[in-house]
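Observations on chain architecture
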Amino acid sequence: MEQQRCPVRPDPPHGSAPDSGFAERIYREHGDALRRFVLRAGPDPSCVEDIVQETVLRAWRAAPRITGSLRAYLFRTARSAMVDAYRRSAVRPPLVSMDGGVDLLPDAADPIEELLGRLLMEEALGRLSAEHREVVVALHYRRETLVEAAERLRIPVGTVKSRAHYALHTLRTVLAAMGVER
């Protein structure tokens, strides 16, 4: 069976482009973070490099118009490239496996949006301090009360409240820098 390529179609750049070192700088400064982001979101690891390349190409084309955080732009662009690739693959006919069975493609919109949202939140939580992350996980993921979280973490209730306040403030800032809008 022929190996299937990831459905990303890079277009040749047009218009005025930045210097040739721009793409190299993106790879050097943001490449690893982009690869981790795409790898966590995509079920097909062979598509990671294609998506990262598409992201860098789109950034290279849009460089003169990028305002704000380049990293936030790159994460938004990578997300768009993943969704575009997923949608392109969803309109193709089902793939036939070697045993003659049909591999049906999953439904397009909801699962990918949910997965991308979870990955963005995981990335943002990873940027919190361990103490702040513990409190957010206790209150928002384990659904513990303030008293339960304080007992389990062995800290006063007031400290739980304070850490939760600062953690949520930091999360909002981190998510905004990643290009997540409310």
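In the block above lies the structure referred to throughout.
My aim in this report is to walk through the structure given alongside it, one point at a time.

Reading guide: rules and limits
Per chain, residues are indexed from 1 in the order of the written sequence. Confidence filtering applies because this is a predicted model: local features only for residues at pLDDT of at least 70, side-chain atom pairs given and counted only at 80 or more, and all residues used for totals across whole chains, interfaces and linings. Hydrogens and water molecules were not included; the side-chain quantities draw on all heavy atoms of the structure. Numbering of helices and strands starts at the N terminus; helices are DSSP runs of H or I of at least 4 residues and strands are runs of E of at least 2. Contacts are assigned to residue pairs with any non-hydrogen atoms lying within 4.5 Å of each other. Throughout, the Shrake-Rupley method with a 1.4 Å probe supplies accessible areas, and for residues the shown protein chains are the sole cover considered. Buried Ala, Val, Leu, Ile, Met, Phe, Trp, Tyr and Cys residues form a nonpolar core when they are joined through side-chain atoms within 4.5 Å. Accessible area is worked out with a 1.4 Å probe on protein chains only. A residue is then buried under 20% of its type maximum, exposed over 50%, and partly exposed in between. Any Phe, Tyr or Trp ring, taking Trp's six-membered ring, that has another such ring centre within 6.5 Å forms a pair; planes under 30 degrees apart are called stacked, those over 60 apart edge-to-face, and the others tilted. Patch membership requires over 30% relative accessible area and the absence of a salt bridge. Like charges are linked within 9 Å, and nonpolar side chains (Val, Leu, Ile, Met, Phe, Trp, Tyr) within 5 Å. The term salt bridge refers to a pairing of a side-chain nitrogen on Lys or Arg with a carboxyl oxygen on Asp or Glu at a separation within 4 Å. Lines are fitted to the C-alpha atoms to define the axes, a helix being fitted only along its stretch in contact, and any angle between axes, read from their N-to-C directions, falls within 0 to 180 degrees. Here the word oblique covers every angle except those under 35 degrees (roughly parallel), over 145 (roughly antiparallel) and from 65 to 115 (roughly perpendicular). Handedness of a crossing is defined here by the sense of rotation of the near helix relative to the far one, left-handed for an anticlockwise turn of less than a right angle and right-handed for a clockwise turn. To estimate the expected span of a helix, subtract one from its residue number and multiply by 1.5 Å. Working definition for bend: take the seven residues up to and ending at a residue and the seven starting at it, fit an axis to each, and measure the angle between the axes.

1. Section: the overall build of the chain
On a plain count of helices and strands, the chain comes out with 7 helices and 2 strands. Within the chain, counting contacts between residues at least 6 apart in sequence, those at least 24 apart form 65% of the total. Just so you have it, the chain exposes about 11,400 Å², and 54% of that area is on carbon and sulfur atoms.

2. Let's talk about the environment of Ala41
Along the polypeptide, Ala41 turns up in helix α1 (residues 21-41). Along the backbone, Ala41 and Glu113 are 72 residues apart, and their C-alpha atoms lie at a distance of 9.8 Å.

3. A closer look at the nonpolar core
Phe37, Val38 and Met82 are the most contacted members of the largest nonpolar core, which has 37 residues in total. Listed by contribution, the elements that provide at least two residues to this core are α1, α2 (48-62), α3 (70-90), α4 (109-126) and α7 (157-177). Discounting chain neighbours no more than four positions away, the residues touching Val38 are Val48, Ile51, Val52, Ala78 and Met82. Listed in part, the 9 residues of the second largest apolar core include Leu139, Ala149, Ile155 and Val160.

4. A closer look at the packing of aromatic side chains
For the structure on display, the rule yields 1 aromatic pair. With a centroid separation of 5.1 Å and 85 degrees between ring planes, the pair formed by Phe37 and Phe75 is classed as edge-to-face. Here Phe75 lies in helix α3 and Phe37 lies in helix α1, a separation of 38 residues in the sequence. By relative accessible area, which is 2% here, Phe37 ends up buried. Phe75 gets classed as buried once you look at its relative accessible area, which sits at 2%.

5. Quick look at a nonpolar patch on the surface
A contiguous nonpolar surface patch, about 190 Å² in accessible area, is contributed by Leu146, Val147 and Val157. Exposure remark for Val157: the relative accessible area of 32% places this residue in the partly exposed category.

6. A look at the pattern of salt bridges
Summed over all chains, the structure comprises 8 salt bridges. Between Glu144 and Arg152 there is a salt bridge, and its shortest N-O distance comes to 2.9 Å. Look at Glu144 and you get buried, because its relative accessible area is 16%. Beyond isolated ion pairs, a larger network of salt bridges with shared partners links Arg40, Glu122, Glu123 and Arg127.

7. Points about the packing of α1 against α2
At a minimum axis separation of 9 Å, α1 and α2 run at an interaxial angle of 135 degrees. On the basis of their axis angle, the class for α1 and α2 is oblique. For the crossing formed where α1 meets α2, the hand is right-handed. Contact with α1, carried on its side by Phe22, Ala23, Ile26, Tyr27, Leu34, Arg35, Val38 and Leu39, involves Val48, Glu49, Ile51, Val52, Gln53, Thr55, Val56, Ala59 and Trp60 of α2 and no other residues of that element.

8. Some thoughts on α1
In an α-helix there are 3.6 residues to a turn, and that puts residues three or four apart on one side. Between its terminal C-alpha atoms α1 stretches 28 Å, which fits the 30 Å expected from 21 residues at 1.5 Å a residue. Along α1, the largest kink reaches about 65 degrees and is centred on His30. For α1, the complete set of buried residues consists of Phe22, Ile26, His30, Gly31, Ala33, Leu34, Phe37, Val38 and Ala41.

9. Some thoughts on unusual backbone geometry
In this structure, Arg143 is a non-glycine residue whose phi angle is positive, near 60 degrees. Here Arg143 lies in the loop between α5 (130-141) and α6 (146-153). In this structure Arg143 comes out as exposed when scored by relative accessible area, which is 69%. The phi dihedral of Arg154 is positive, around 60 degrees, even though this residue is not glycine. Here Arg154 shows up in the loop between α6 and α7. For Arg154, a relative accessible area of 76% puts it in the exposed group.

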